Amino acid sequence: MKYGVLLGYMLPVFLSAQPLILRDNILFYENGQKLTNAFAGGLDQPQPSLADLNGDNRKDLFIFDRAGDWTNVFLNSGEAAAPVYSYAPELKELLPPLRDWVLLRDYNCDGKADIFTALPDSSAIRVYQNTSQGSSLSFVLAYAKLTVPGGVITVFETDIPAIADVDADGDLDILSFDNQGSHVRFYENTGGCSNLSFVVNTNCWGQFQEAGLTNEITLNTACKRGEEGNSAHSGSTLCTLDVEGDSALELLLGDLSNTNIVYLHNGGTAELALMDQVNMAFPSGNPVFLQQFPAAFSLDINDDGLLDLLVAPNAPNISVNRENLWWYENTGLPQAASFTFRQKDFLAETMVDIGSVSYPVFFDYNGDGLVDLIIGNYLSRDPDQPEVSGLALYENTGTPTQPEFHLVTRNYLNLPTLFNPPLFGVYPAFGDMDADGDEDLIIGEESGAIHYFSNLAGPGNPADFVLTTPFYFGIDVGNTATPVIADVNQDGLPDLVIGEKSGNLEYYENTGTPAIPAFGGGNKTFGAVDVMPECCTGYSVPWFFRNSQGNWELLVGSEKGNIYHFGEIASHLNDTFPLITAQYGNIREGTRISVSGKDITSDGKPEIAIGNLRGGIAIYGPNPANSIQTFSGFQLILYPNPAISPGFLNIKMEPFSPFHLEIFSVQGQKIFRKTINQAAQAMPVLSPEISPGMYLVRILLSDGRTFSQKWWVIPDF
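Since we're looking at a predicted model, the values are computed, not measured.

Calculation rules
Residues numbered from 1 in each chain as written. Predicted model: local features only at pLDDT ≥ 70, side-chain atom pairs only at ≥ 80, totals over all residues. Heavy atoms only, no water. Core = buried A, V, L, I, M, F, W, Y, C linked by side-chain atoms within 4.5 Å. Buried < 20%, exposed > 50% of the residue type's maximum accessible area, 1.4 Å probe, protein only. Disulfide = S-S within 2.5 Å. Helix = DSSP H or I, 4+ residues; strand = E, 2+ residues; numbered from the N terminus. Pairing = 2+ DSSP bridges. Axes fitted to C-alpha atoms, helices over the stretch in contact; angles between N-to-C directions. Phe/Tyr/Trp six-rings, centres within 6.5 Å; stacked < 30°, edge-to-face > 60°. Lys NZ or Arg CZ within 6 Å of the ring centre and 35° of its normal.

With that settled, the discussion passes to the nonpolar core. Formed by 89 residues in total, the largest nonpolar core has its most connected members in Phe28, Leu61, Phe116, Leu146 and Phe544. Tyr412, Leu423, Phe430 and Phe453 belong to the second-largest nonpolar core, a separate cluster that totals 22 residues.

Have a look at this one:
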């Protein structure tokens, strides 16, 4: 079925003051399976912990991601031994700022999991106490920096320590590599449950040594108290587990330069650990092979009373970013743990995740009138696969008012075969560049260049993109081009505005004709927009829309995670755009935020698609409870909507007041204007510009108020 809609390269109307909510009623499917946490935002270097975060006596899943220092909470709504983890974005607002690594552990024995994390810009540990009451989640800073006599407890910022009751005395201790050593240091807690007070018990816990640049292990390397290792430490992750139920903890070790987890068996006691066996291929039978720098986490993820293993990468920029949370179920006994591999994409299988740095953009690829979703990315690293950047296609198979997206392919247009060397950082922009009635494609990429794909399909047909002009007009913004197509100067020609790594915008005015565009040198500091903090990158991503008065406004995503909102664009094309807010919609989705939008629910207001560093997406829109526009003292109705081409538009206003009627195309061109002085007037709109498609109808009242609504014209089949 086709729907009467033609969506162009900009969105006609947006009510800037409309409150935005996460539109989690918009469904996504992959391989026929509903993504139950579609908008959770993806996973890159996840660090899982379990804790009851809403006071219902069920263990919820807490995920900290080193990529962008981002935290997500998944509440457990399941039954005993059958947990169901559901994304709860509202709870992340109640969490303190966290950095580098996070482990939830109950240090004061009150039954509530506290937060251990890195002290920003240091190698120290900060602790937040869980002060929650009932279902009200809260944390307060308890220890700004954990210390030992004469210094601080050291955890190198690339590492993850082990925090557990190492000596079986009932309180939490800490194991960590010294940042200059190859031995594990044991920080013993002498304060019990009442106080975190530590001393260095030994610098050579377990009496083993790791090689400086590999994960080769040497056993029986006892050292004296206070003695340091002498090899350079490259980065390691630690996780303890009690395989034999004897309180003598075994150790799982991940290393920066390797893909495996090293298992060290403790043949000693809880008080005096002695590692006597090494397994470099753990778990046996289906060992971890995870590029790069794996980290293991011991937790009962399926709530069966046995501690399972989750394994994830720990290195930004070099680790796999899909199929990157491996679950090994403990199928053994409390006195004899045994780990069975279950899956590589635990939790990630429930969310949209296309790798690292996602760029979602709406586009009707098959011409059926329903807006689909195209997602670019920086790159995708799957296990055992070459890293690639491309376009994922999610087809909208829903209705004009209730979209539903199904994954068609992660390799739309097969871009890796079209460019040598291959592109990275692929960003799509759609718009009619040659006035043939269909939308063409321009791709920005990491090198700073843009590439033009002509759509040969014609209006209303499935897109047929052909790479026509690589390195389009020689435009090069330096690094990470993120283009948008919009008639910024309102001369009827599509212009180009391009974001870039430095955080500014570049404007390229179209000085050609509707059918033959031409672009010269750009304005490198367009609108004086600069979303880069003090140093050193900004990664601006622009998107233009028209407000309820039909005027351009601008949103700009940024590396910092803010969405900047600028107004009065038309009157400031040659100077500084007025900043309305630096935190548009109070949207918080992490770092490397991209923003674009389109009305995909036919309510006259756009949904906003957000991409992020972790490769996931989120879609925001107006709160349905506030989506109906009303005016005090009268009611306004436009009908029929949709109308059959040629369009007849009826307007009913009670009580009536004279008004001006304007109709805009989706390209923002005013194609009809008339003054209405009589009530209940039905008007045939027979202008040749009114072909099947979508239009904006705007009512201007004599007192200055306006009312805008989308009007659909569908073919007479």
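Having seen it, we continue.
Before going further, it helps to spend a moment on the state of the cysteines. Under the defined criterion, the tally for this structure stands at two disulfides. Covalent S-S linkage joins Cys109 and Cys193, the inter-sulfur distance amounting to 1.8 Å. Residues Cys109 and Cys193 share a disulfide whose torsion about the S-S bond is about -60 degrees; that sign makes it left-handed. Pair noted here: Cys109 is in the loop between β8 (102-105) and β9 (114-118) and Cys193 is in the loop between β16 (184-189) and β17 (198-202), with a separation of 84 residues, a long-range link. Exposure remark for Cys109: the relative accessible area of 41% places this residue in the partly exposed category. Look at Cys193 and you get partly exposed, because its relative accessible area is 29%.

Bringing the sheet that holds strand β21 (residues 250-255) into the picture now. For sheets, the rule is that strands pair by backbone hydrogen bonds, running either parallel or antiparallel. The antiparallel open sheet is built from four strands, whose spatial order is β20-β21-β22-β23. What marks the edges here is a single partner per strand, and that holds for β20 (236-241) and β23 (275-282). Averaged over all neighbouring strand pairs, the angle between strand axes comes to 25 degrees, with direction disregarded. Pairing analysis gives four bridges linking β21 to strand β22 (residues 261-266), with the strands arranged antiparallel. Bridged to Leu251 within β22 is Leu264.

This part covers unusual backbone geometry. A cis amide bond links Asn420 to the next residue, Pro421, at an omega of 5 degrees. Tracing the backbone shows Pro421 in the loop between β31 (404-409) and β32 (427-431). Here Cys535 and Cys536 are connected by a cis peptide whose omega angle stands at 5 degrees. For Cys536, the position within the fold is in the loop between β38 (505-508) and β39 (541-546). The phi angle at Asp69 is positive, at roughly 50 degrees, despite the residue not being glycine. Note that Asp69 resides in the loop between β5 (60-65) and β6 (70-76). Residue classification places Asp69 among the partly exposed residues on the basis of a relative accessible area of 25%. Even without being a glycine, Ala528 presents a positive backbone phi close to 55 degrees. If you trace the backbone, Ala528 turns up in the loop between β38 and β39. Judged by relative accessible area, Ala528 falls into the partly exposed class, the value being 45%.

Turning next to the packing of aromatic side chains. In this structure the tally under the stated criterion is 25 aromatic pairs. What links up through ring pairs into an aromatic cluster is the set Phe28, Phe39, Tyr394 and Phe405. Here the guanidinium or amino end of Arg546 rests over the ring plane of Trp552, the centre of that ring lying 4.1 Å away. Note that Arg592 overlies the ring of Tyr539, its terminal NZ or CZ placed 3.5 Å from the centroid.

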